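# Fold and contact review
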Amino acid sequence: MKGISIIILAAGLGTRMKSNLVKILHPLAGMPMLSYTLALAKSLRPEKTIAVIGHQADKVKETFSDYDVDWAIQKEQKGTGHAVMQARSLLNNFNGNVIVLSGDTPLLRKETVSKLIKSHKSKGNRVTILTTELNNPYGYGRVITNANGKVERIVEEKDASDTIKKTRLINTGIYAFDKDFLFNSLSEIKPNNAQGEYYLTDVIGIAAKRGLEINAVKAQDSDEVMGINTRLELSKAEKVIRKRINDRWMLNGVTIIDPETTFVDDTVEIGRDTIIYPNNFICGKTRIGGGCTIYSNSRIIDAKIGSDVKIKDSCLIEESKIGDRASIGPFAHLRPHTELGRDVKIGNFVEIKKSVLKDGAKANHLTYLGDSHVGRNVNIGAGTITCNYDGFKKYKTEIGDNVFVGSDVQFIAPVKIGKGAIVAAGTTITEDVPADSLAISRTKQISKKGWAKKRRRQGSIKRVMGQGAKDRGKGVG
Ligand code: UD1
Ligand code: CA
């Protein structure tokens, strides 16, 4: 938008959060709080966006290093008016209107700011404030109007008399200003208030005293302009954002059985006809195809999931790729760099790390596969373990296409199993196995006839003589 620049106020620590982390970096629906305001600013296509930061400035800059924003530093937090002043020199070559946003108001929508800008431009006023009415206005600056309904000034909670505290019309902290008017009036404000700060809100009083009309635009949805000062408000904002995200996916053809207990980050994408059961966390850059079913209690982070995939109950899936029609879980753990082909089946209590399983491979029960490459249609029997670590280094297990691995097999890596081989149950593989062969390592079984019965008889005699308990303590029984 030509003739528009944006200043975002974000230098405060956020004392009321009672945190070591600066407020604007607190995660909200998986993203740091300030990212919402930065995204909003970007969507308005201003000539310039300046964020005023102070507390933990280096950390903030690093977090948002790939955003198109200029940083202004406010070394000491002397109030919102003082904060805006810090952006002045960065706007030397700019003429037009300045929109002030706050880094702690992440629910604000583009439509509302556009409405503010439109009204500001059409009325031709020097200043337009975004207000709203709240049933519980506690903590906000109150907007005081005169007998004609014109805005006269803003009074902060801490400076307000009991009568003023009853005012339900509040300042959202979002404004449109004529740039020259803004900086000229800011040079007049004084920290004569309960907090000893330079209040940006005092600019409103200055405008009124000069006989300028102050334009006010009311936000219809009061949730949207909620400022986050405490963790209680953070959780309320989280609810609102989560609901927006879930509503969007449901309107796009995703079934969410219980939106209240389904936590989808803003950065996630989900295909149509996917069904999500309650109590799932779908996080980060996860992409889920169409027609999938995600049963209850899973956490999925940065995963790429194909179409028609089933994630059965209680899985943890991290930075993994899953092919079409695969079935995962229940109780499976896919650790980073796992790549599963189409129609792969991963069952109960299976952990996979940095491994590739090609199309149609199966590991259905109680297995650990680490640093392995498993070919097409391989069957991995119950209780198979890749012994990939010798205490110093990690080694690879390579299993060719169509290999059948029986139950309770250990692969002492590095080893290679040729295509079509069979590994017998209970085998410990220490050497490579040629294609199409049988590998078996077992000690010969002995069955001693009648031994058990005899043992029991001896045991009962000893018990009669009071010795049974002692023997059992030695682990004989
Ligand atoms: C502010 C407004 C209040 C309004 C409310 C809306 C003032 C004086 N008050 O109050 O009228 O109802 O927002 O949410 O403006 N900041 C700085 N530097 C500073 C002080 C603050 O950058 O020296 C930043 C904060 O990091 C924050 C924003 O400005 O992002 C607002 O500051 P905060 O202290 O939260 O103001 P409120 O008390 O909420
Ligand atoms: Ca605030």
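Residues numbered from 1 in each chain as written. Chains lettered and ligands numbered in written order. Predicted model: local features only at pLDDT ≥ 70, side-chain atom pairs only at ≥ 80, totals over all residues. Heavy atoms only, no water.

Secondary structure assignment for the protein chain yields 10 helices and 39 strands. The C-alpha radius of gyration of the protein chain comes to 33 Å, more than 25% above the 23 Å expected for a compact globule of 477 residues. By residue count, 47% of the 477 residues in the protein chain fall in the buried class. Counting contacts in the protein chain only where the partners sit at least 6 residues apart, residues at least 24 apart contribute 40% of the total. Taken as a whole, the protein chain presents about 24,300 Å² of accessible surface, with 49% of it coming from carbon and sulfur. The positive charge centre, built from 74 side chains, and the negative charge centre, built from 52, are 8 Å apart in the protein chain. (Helix = DSSP H or I, 4+ residues; strand = E, 2+ residues; numbered from the N terminus. Rg over C-alpha atoms; globule rule 2.2 N^0.38 Å. Buried < 20%, exposed > 50% of the residue type's maximum accessible area, 1.4 Å probe, protein only. Contact = heavy atoms within 4.5 Å. Areas by Shrake-Rupley, 256 points an atom, 1.4 Å probe, with all protein chains shown as cover. Lys, Arg positive; Asp, Glu negative; His and termini not counted. Charge placed at Lys NZ, Arg CZ, Asp CG, Glu CD.)

Around ligand 1 sit 23 residues in total, of which Gln74, Gly79, Thr80, Glu156 and Asn171 are the nearest. At 2.7 Å, a side-chain N or O of Thr80 approaches an oxygen atom of ligand 1. Starting from 750 Å² of accessible surface for ligand 1 in isolation, the protein chains cover 89%. Elements with a minimum of two residues in the shell around ligand 1: β1 (4–10), α3 (80–85) and β10 (169–178). Looking at the shell around ligand 1 residue by residue, the classes come out as 6 nonpolar, 12 polar and 5 charged. (Near = heavy atom within 4 Å. Polar contact = N/O pair within 3.5 Å; in protein donor to acceptor, adjacent residues only side chain to side chain. Nonpolar A, V, L, I, M, F, W, Y, C, P; charged D, E, K, R; others polar.)

So, on to unusual backbone geometry. Residues Gly329 and Pro330 are joined by a peptide bond in cis, for which omega reads 5°. Mapping Pro330 onto the fold places it in the loop between β24 (327–328) and β25 (332–334). Here the residue pair Ala413 and Pro414 is connected by a cis peptide bond, since its omega of 5° sits within 30 degrees of zero. By secondary structure assignment, the location of Pro414 is in the loop between β35 (410–412) and β36 (415–417). One non-glycine residue, Gln56, adopts positive backbone phi at about 50°. Looking at the secondary structure, you find Gln56 in the loop between β4 (48–53) and α2 (57–63). According to the relative accessible area criterion, Gln56 is partly exposed, its value standing at 26%. You will see that Asp308, though not glycine, has its phi angle at about 55°, which is positive. Under the relative-accessibility criterion, Asp308 is labelled partly exposed at 43%.

A separate point is the coordination of the calcium ion (ligand 2). On the protein side, the calcium ion (ligand 2) has Asp104 (OD) and Asn229 (OD1) as donor atoms, found 2.3 to 2.5 Å from it. Placement of Asp104 in the loop between β6 (97–102) and α4 (110–123) and of Asn229 in the loop between β11 (214–218) and α8 (231–251) is noted, with a sequence separation of 125 residues between them. We note that Asp104, like Asn229, is buried. (Donors = N, O, S within 2.8 Å, 3.2 Å for Na, K, Ca; no water.)

In this section: the domain arrangement of the protein chain. Here the protein chain is partitioned into domain 1 (4–225), domain 2 (231–382) and domain 3 (450–477). Measuring from the centre of the C-alpha atoms in domain 2 to the corresponding centre in domain 3 gives 52 Å. (Domains from an automatic or database assignment.)

This paragraph deals with the sheet that holds strand β30 (residues 372–374). In space, the 9 strands of this open sheet follow the order β14-β17-β20-β23-β26-β28-β30-β33-β36, with parallel pairing throughout. Where the open sheet ends on each side, the last strands, each with one partner, are β14 (269–270) and β36. As defined by bridge partners, strand β33 (residues 397–399) adjoins β36 across 3 bridges and the pair is classed as parallel. The residue bridging Thr397 from the neighbouring strand is Val415, located in β36. (Pairing = 2+ DSSP bridges.)

A full pass over the atoms with the stated rule returns 5 aromatic pairs. Ring geometry for Phe263 against Phe281: centres 4.6 Å apart, planes inclined by 5°, an arrangement best described as stacked. Of this pair, Phe263 sits in strand β13 (residues 262–264) while Phe281 sits in strand β16 (residues 280–283), placing them 18 residues apart in sequence. By relative accessible area, which is 24% here, Phe263 ends up partly exposed. Geometry around Tyr389 places Lys394 over its ring, the cationic atom sitting 5.0 Å from the centre. (Phe/Tyr/Trp six-rings, centres within 6.5 Å; stacked < 30°, edge-to-face > 60°. Lys NZ or Arg CZ within 6 Å of the ring centre and 35° of its normal.)

It is worth spelling out the nonpolar core at this point. Counting residues in each nonpolar core, the largest one holds 64 residues, and the members touching the most others are Ile322, Ile328 and Ile346. Broken down by secondary-structure element, the contributors of at least two residues to this core are α1 (33–43), α8, β25, β27 (345–353), β29 (362–370) and β36. Element by element, the count of residues in this core is highest for α8, at 6 residues. Both domains that furnish three or more residues to this core are identified here as domain 1 (4–225) and domain 2 (231–382). Within the second largest apolar cluster, 32 residues are counted, among which are Ala72, Val98, Leu169 and Ile214. (Core = buried A, V, L, I, M, F, W, Y, C linked by side-chain atoms within 4.5 Å.)

What follows concerns helix α6 (residues 179–186). For α6, the tally of buried residues reaches 6 of 8 residues, placing the bulk of the element in the interior. Within α6, burial applies to Lys179, Phe181, Leu182, Phe183, Ser185 and Leu186. On its buried face, α6 is in contact with β1, α3, β6, β7 (127–133), β10 and α7 (202–209).

This brings us to the environment of Lys310. Among the structural elements, Lys310 can be located in strand β21 (residues 310–311). According to the relative accessible area criterion, Lys310 is partly exposed, its value standing at 35%.

In contact at an axis separation of 10 Å, α6 and α7 are set at 105° when each is read in the N-to-C sense. The angle between α6 and α7 falls in the class roughly perpendicular. Here Phe181, Ser185 and Leu186 of α6 lie close against α7, whose contacting residues are Val203, Ile206 and Ala207. Of the residues assigned to the contact of α6 with α7, the class counts are 5 nonpolar, 1 polar and no charged. (Axes fitted to C-alpha atoms, helices over the stretch in contact; angles between N-to-C directions. Parallel < 35°, antiparallel > 145°, perpendicular 65-115°, else oblique.)

As a further point, take the pairing of strand β8 (residues 142–145). Looking at chain direction, β8 and strand β9 (residues 151–155) are connected through 4 bridges and run antiparallel. Counterpart to Ile144 in the pairing with β9 is Arg153. Remark: 5 residues form the turn of the hairpin made by β8 and β9, two consecutive strands paired antiparallel; Gly149 in that turn has positive phi of roughly 80°.

What follows deals with helix α9 (residues 451–464). Taking 1.5 Å per residue, 14 residues should reach 20 Å; α9 reaches 20 Å between its end C-alpha atoms and fits that length. The positive-phi residue at the C-terminal boundary of α9 is Gly466, with phi of around 80°. (Expected span 1.5 Å × (residues − 1).)

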